[in-house]
Each structure stands twice: as structure tokens, then as C-alpha cells.
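Fold and contact review
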Amino acid sequence: MTLCPPKDKTINYIEFLVQDISQSKKFYGDVFGWTFTDYGPDYCEFNDGHMTGGFAHGTPVSGGPLVVLYGSDLNAMQKSITAAGGEISKEIFDFPGGRRFQFKDLDGYELAVWSET
């Protein structure tokens, strides 16, 4: 799987502080199909097939930027998230360009998933 080359002035890497790296790997692997490379007990890199990021062991940060993921089937994505232990924080709503919802992962990070339809 080849990642997209870095592009000037775009998001290139996202890093999350998490309490339990193995728990985060299971959640994001189960829901989004991400793969992982471990770099010792306190850090792992994730790969979503488009870009990479990392999970570092630490205390999760409250707030921060909203990371928005793409999902072609929002209803199925919500079911996957709740089945994996996540919490829907904003139900599906319309916005210019499509629809989206927001959720909290197991460490309390809030993310969004959007689709054109």
C-alpha cells in the first residue's frame, strides 16, 4: 500500500496521546481498518492507507482540533463505532457538501465522519 506523498500546507500526521495503546489499536483497527507499526511500548504509528499518525502513551488531551474522517455509509460507521465502545456525540446532520456525525473514541477524543450523501 503506497501512501500519498506529503503535500505542502495539508494535514500530514496526527498524533494522539492515549491511555492504552493496545485498546486504541483495537478500536481504530476494528472500526476503520487501520494498520499499525509498534515503536516500543509507548508509541505506535497508524496507517489508514492515505496518511499516517501515531498513538503515544500519555494522558489524553481535552479538546484540540476536530479530525474529520470520510465514510461512505454513515449509519454503518455509527454502528461500528458504538460496537467498538465509542460514543456518538452528535447524530448525523446535514451540512453544505454532505452529511456528518461526531463521536468520542475510548480516550475521549472527539472526531467526525462525513459523506457526500
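The following paragraphs examine the structure supplied in this document.

Calculation rules
- Residues numbered from 1 in each chain as written.
- Predicted model: local features only at pLDDT ≥ 70, side-chain atom pairs only at ≥ 80, totals over all residues.
- Heavy atoms only, no water.
- Pairing = 2+ DSSP bridges.
- Helix = DSSP H or I, 4+ residues; strand = E, 2+ residues; numbered from the N terminus.
- Axes fitted to C-alpha atoms, helices over the stretch in contact; angles between N-to-C directions.
- Contact = heavy atoms within 4.5 Å.
- Buried < 20%, exposed > 50% of the residue type's maximum accessible area, 1.4 Å probe, protein only.
- Arc of directions from axis to C-beta.
- Polar contact = N/O pair within 3.5 Å; in protein donor to acceptor, adjacent residues only side chain to side chain.

1. Quick word on the sheet that holds strand β7 (residues 98-104)
Taken in spatial order, the 4 strands make up an open sheet running β5-β8-β7-β6, and their pairing is mixed. The open sheet terminates on both sides in strands that have one partner only, identified here as β5 (67-70) and β6 (87-95). Strand-to-strand twist in this sheet, taken as the mean axis angle between neighbours without regard to direction, amounts to 25°. Judged from the 4 bridges that link them, β5 and strand β8 (residues 110-115) form a sheet pairing that is parallel.

2. Focus on the environment of lysine 104
Within the secondary structure, lysine 104 is located in strand β7. Sequence separation between lysine 104 and glutamate 87 is 17 residues; the distance between their C-alpha atoms is 5.2 Å. The residues touching lysine 104, leaving out its near neighbours within four places in the chain, are Gly86, Glu87, Ser89, Tyr109 and Glu110.

3. Structural notes on helix α2 (residues 74-83)
Buried residues of α2: Leu74, Met77, Gln78 and Ile81, and no others. With its buried residues spanning 100° around the axis, α2 presents them on a single face. In α2, the exposed residues that point more than 90 degrees away from the buried face are Lys79 and Ala83. Structurally, the start of α2 carries an N-cap: the backbone nitrogen of asparagine 75 is 3.3 Å from a side-chain oxygen of aspartate 73. Glycine 85 occupies a position one or two residues after α2 and carries a positive phi of about 100°.

4. Considerations on the sheet that holds strand β2 (residues 35-38)
The sheet built from 4 strands is open, its strands ordered β1-β4-β3-β2 with mixed pairing. Sheet topology places β1 (13-18) and β2 at the edges, where each strand pairs with a single neighbour. Across the sheet, the axes of successive neighbouring strands diverge by a mean angle of 25°, strand direction being ignored. Bridge count between β2 and strand β3 (residues 43-47): 4 bridges; the pairing is antiparallel. Within β3, the residue paired with phenylalanine 36 across the bridge is phenylalanine 46. Where helix α1 (residues 21-32) meets the sheet, it contacts β1, β2, β3 and β4 (52-57), and its direction lies at approximately 150° from that of β4.

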